Amino acid sequence: MSAGPRLTHIGASGEAHMVDVGDKAETVRTAIAEGSVAMQADTLAMILAGNARKGDVLGTARIAGIMAAKKAHELIPLCHPLLLTKVSVDIEPDHALPGLKVTALARVTGKTGVEMEALTAASVACLTIYDMAKAVDRGMVISGVRLVEKTGGKSGDYKSEA
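Residues numbered from 1 in each chain as written. Predicted model: local features only at pLDDT ≥ 70, side-chain atom pairs only at ≥ 80, totals over all residues. Heavy atoms only, no water.

## Brief notes about the overall build of the protein chain
Our working definition: Helix and strand assignments come from DSSP, with helices taken as H or I runs of at least 4 residues and strands as E runs of at least 2, each series counted from the N terminus. With a 1.4 Å probe rolled over the protein chains alone, any residue whose accessible area is under 20% of its type maximum counts as buried; one over 50% counts as exposed, and the rest are partly exposed. Any pair of residues with heavy atoms lying within 4.5 Å of one another is described as a contacting pair.
Each helix and strand counted, the protein chain has 4 helices and 5 strands in total. Moving toward the C terminus, one meets the helices and strands of the protein chain in the order β-α-α-α-β-β-α-β-β. Taken across its 162 residues, the protein chain has 38% of its residues classed as buried. Residue pairs at least 24 apart in sequence account for 71% of intrachain contacts in the protein chain once pairs closer than 6 positions are excluded.

As structure tokens, this is what we get:
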């Protein structure tokens, strides 16, 4: 077996386990994730005009993403519960899609990273947009959910090249 990178949540015998972060130093850790929801141009116009039957799509999706980041440890096995110091979800129209682009930021001062919290926030915000507009556009496509950037921690910084 190579001495290269290894899966941290898998023990020597292949069993899943939660990583012990007890001896790690507390540092400021930030992660940014994104995703998008492509839709018909009329659906985007309806959302931006605030005319969706279910209400404020953008505001609801923003709150859903923030709430989801705070519950990532309840949704993802082996994910540590974190005392998040900041979560933000920004949603911008992208007329080229057409659709909406979601960017989520999560920050913590702690012993483990916040990538899963940012990814969960972006994913759930996208799902909420779909849910609130599906009555008029069931063909919406959620895509591109990914980690854009992370800072802090022992493994160092990461920035997507795409």
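Read on for the rest.
## A look at the pattern of salt bridges
So the rule is basically this: Each salt bridge in this description consists of a side-chain nitrogen of Lys or Arg and a carboxyl oxygen of Asp or Glu lying within 4 Å of one another.
Going through the model one piece at a time under the given rule, you end up with 6 salt bridges. Among the ionic pairs, Lys-54 bridges to Asp-131, the shortest N-O distance being 3.5 Å. Taken together, the positions of Lys-54 in the loop between helix H1 (41-49) and helix H2 (57-70) and Asp-131 in helix H4 (residues 115-133) put the pair 77 residues apart, joining distant regions of the chain. With its nearest N and O atoms 3.7 Å apart, the salt bridge here joins Lys-159 to Glu-149. In this pair, Lys-159 is assigned in strand E5 (residues 158-159) and Glu-149 in strand E4 (residues 141-151), connecting sequence segments 10 residues apart.

## Structural notes on the nonpolar core
Definition in use: In plain words, nonpolar cores are sets of buried Ala, Val, Leu, Ile, Met, Phe, Trp, Tyr and Cys residues tied together by side-chain atoms within 4.5 Å.
In terms of nonpolar packing, the biggest core is built from 32 residues, with Met-39, Ile-47, Val-89, Ile-91, Leu-100, Val-102 and Ile-129 touching the most fellow members. Put simply, the parts of the chain that give this core at least two residues each are strand E1 (27-38), H1, H2, strand E2 (86-94), strand E3 (99-110) and H4. Ranked by residues supplied to this core, first place goes to H4 with 9 residues. Among all residues touching Val-89, those that are not within four sequence positions of it are Arg-62, Gly-65, Ile-66, Val-102, Thr-103, Ala-104, Ala-121 and Ala-125.

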